[in-house]
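# Examination of the molecular architecture
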Amino acid sequence: MEQGYPVLPADKEAICIECQHCMTVCKPGAVSILGLDPADSLSLEGQLPDKQQMELLIKGRRSIRYFQPDPLPEETIDDLLKIAAHAPTGVNVRGVEFIVVEDRVTMDAVRQETMEALQELASRDAIPDNLCVLKNLLPLMERGLDPIFRNAPHLLIASAAENVPCREADVFIALSYFELMANSMGIGTTWCGLGKWTIVDLAPQLLHRFGVPENHDVAYLMLFGKPDVKYYRTVQRDQDAKISRLRLVSS
């Protein structure tokens, strides 16, 4: 405190990680930092979803593999990504980057180039045995089907650079936040493991062609769009929770 006001000492500025907690914890909104106005923050008082609402969202989330062809409005996608950017990251580095496909022409090009990459890999017998499912998908793709991208109108690639300290966790947390927010808006999602195996693991040249920087060594894919299937209830998996309780007794 200096003259009755909180200040950030000059010798501490270098270790500030810009978490903004000082601004958000001040009840009357008297603290500003980084040129931000507390009045522009969303109020939390009485606004957070309750436990039942969160439980329904988490249990009701389903992987969507049937999508309507119409793309989402650009403003909706921007809103989703800006909210997902609030996902926590290690050391508050905020190093996750998003690449999004918004239009049908680009999405079709991604499908075509992914199929061609798989064809080239198969011709060299370069698809490993543990990913042989990809080889089995090629005939379907050559017939015009889309077993990898499920005819989704949109693709999201989240990635992080090799110097981001918690990049593996950061990427998956960001996509998880994106998915839950999308589901709350009636937008379907699915984690695109087949696409990840192909584009990230077997044909990383596609990853860079699609805009992921060369120094990004962690990436994952998610499909999204308006669902063409409706679910009416949650599944029942409470009994599947694998829980161990650690209790240590001092010797």
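The coordinates are above.
Reading guide: rules and limits
- Residues numbered from 1 in each chain as written.
- Predicted model: local features only at pLDDT ≥ 70, side-chain atom pairs only at ≥ 80, totals over all residues.
- Heavy atoms only, no water.
- Helix = DSSP H or I, 4+ residues; strand = E, 2+ residues; numbered from the N terminus.
- Buried < 20%, exposed > 50% of the residue type's maximum accessible area, 1.4 Å probe, protein only.
- Contact = heavy atoms within 4.5 Å.
- Lys, Arg positive; Asp, Glu negative; His and termini not counted.
- Charge placed at Lys NZ, Arg CZ, Asp CG, Glu CD.
- Pairing = 2+ DSSP bridges.
- Axes fitted to C-alpha atoms, helices over the stretch in contact; angles between N-to-C directions.
- Parallel < 35°, antiparallel > 145°, perpendicular 65-115°, else oblique.
- Left-handed = near helix turned anticlockwise from the far one by under 90°.
- Nonpolar A, V, L, I, M, F, W, Y, C, P; charged D, E, K, R; others polar.
- Phe/Tyr/Trp six-rings, centres within 6.5 Å; stacked < 30°, edge-to-face > 60°.
- Patch = residues over 30% accessible without salt bridge, like charges linked within 9 Å, V, L, I, M, F, W, Y side chains within 5 Å.
- Areas by Shrake-Rupley, 256 points an atom, 1.4 Å probe, with all protein chains shown as cover.
- Salt bridge = Lys/Arg side-chain N within 4 Å of Asp/Glu carboxyl O.
- Core = buried A, V, L, I, M, F, W, Y, C linked by side-chain atoms within 4.5 Å.
- Disulfide = S-S within 2.5 Å.

This brings us to the overall build of the protein chain. A count of helical and extended segments in the protein chain gives 8 helices and 4 strands. Summarising its shape, the C-alpha atoms of the protein chain cover approximately 75 × 60 × 45 Å along the three principal directions. Counting only residues that meet the buried cut, the protein chain has 33% of its 251 residues in that class. Long-range pairs, those at least 24 residues apart, make up 78% of the contacts in the protein chain between residues at least 6 apart in sequence. Positive and negative side-chain charges of the protein chain, numbering 25 and 35 respectively, have mean locations separated by a distance of 11 Å.

Another aspect to go through is the sheet that holds strand β1 (residues 97-101). An order of β1-β2-β4-β3 is seen for the 4 strands of this open sheet, with the pairing classed as antiparallel. Each having just a single partner strand, β1 and β3 (188-191) make up the two edges of the open sheet. Adjacent strand axes in the sheet meet at a mean angle of 25°, parallel and antiparallel pairs treated alike. One ladder, built from 4 bridges, connects β3 with strand β4 (residues 216-225); its direction is antiparallel. By the bridge assignment, Trp191 is partnered in β4 with Met222.

The subject of this paragraph is the packing of helix α4 (residues 104-123) against helix α5 (residues 132-142). Packing of α4 against α5 leaves a shortest axis separation of 10 Å and a crossing angle of 130°. As the angle between them shows, α4 and α5 are arranged oblique. As α4 packs across α5, the resulting crossing turns out to be left-handed. Together, Met115, Leu118, Gln119 and Ala122 of α4 and Leu134, Leu138, Met141 and Glu142 of α5 make up the contact between the two elements. Partitioning the contact of α4 with α5 into residue classes produces 6 nonpolar, 1 polar and 1 charged.

Our focus in this paragraph is the pairing of strand β2 (residues 154-161). Counting buried residues along β2, 8 of its 8 residues qualify, which places the element largely inside the surrounding structure. Here β2 shows no split at all, with His154, Leu156, Ala158 and Ala160 on one side and Leu155, Ile157, Ser159 and Ala161 on the other all buried. As defined by bridge partners, β1 adjoins β2 across 5 bridges and the pair is classed as antiparallel. When the bridges of β2 are listed, Val101 appears paired with Leu155. Summarising the sheet, β2 and β4 pair through 8 bridges and their orientation is antiparallel.

The next point concerns the packing of aromatic side chains. Inspection of the entire model under this criterion finds 4 aromatic pairs. Ring plane angle 75° and centroid distance 5.2 Å describe the contact between Phe178 and Phe224, whose orientation is recorded as edge-to-face. Of the two residues, Phe178 is situated in helix α6 (residues 167-184) and Phe224 in strand β4; the sequence distance between them amounts to 46 residues. Aromatic ring contacts, followed pair by pair, group Phe172, Trp191 and Tyr220 into a single cluster.

Negative charge collects at one region of the surface, where Glu74, Glu75, Asp78 and Asp79 lie side by side. Relative to the elements of secondary structure, Asp79 occurs in helix α3 (residues 74-84).

Let us look at the packing of α5 against helix α7 (residues 193-202). At a closest axis distance of 10 Å, the pairing of α5 and α7 adopts a crossing angle of 110°. Comparing the axis directions of α5 and α7 gives the class roughly perpendicular. Seen from α5, the contacting residues are Val133, Leu134 and Leu137; seen from α7, they are Leu194, Trp197, Thr198 and Leu202. Considering only residue class, the contact of α5 with α7 consists of 6 nonpolar, 1 polar and no charged.

Counting 32 residues, the largest nonpolar core has Leu118, Phe149, Leu155, Ile157 and Leu221 as its most contacted members. Those elements giving two or more residues to this core turn out to be α4, α5, β2, α7, α8 (204-209) and β4. Considering every element that reaches this core, the biggest residue donor is α4, with 6 residues. Once residues lying within four places of it in the same chain are set aside, the contact partners of Leu221 are Phe149, Leu155, Leu156, Ile157, Thr190, Trp191, Cys192, Gly195, Lys196, Ile199 and Val200. One finds Ala84, Val171, Ile187 and Met222 within the second-largest nonpolar core, a separate group that totals 22 residues.

Our next topic: the state of the cysteines. Within the structure shown, the criterion is met by 0 disulfides. Cysteine Cys16 remains unbridged, with the sulfur of Cys19 as its closest cysteine sulfur at 6.5 Å. We classify Cys16 as partly exposed; its relative accessible area is 32%. Just so you know, Cys192 is unpaired, no disulfide at all, and the nearest cysteine sulfur is the one on Cys132, 18 Å from it. For Cys192, a relative accessible area of 3% puts it in the buried group.

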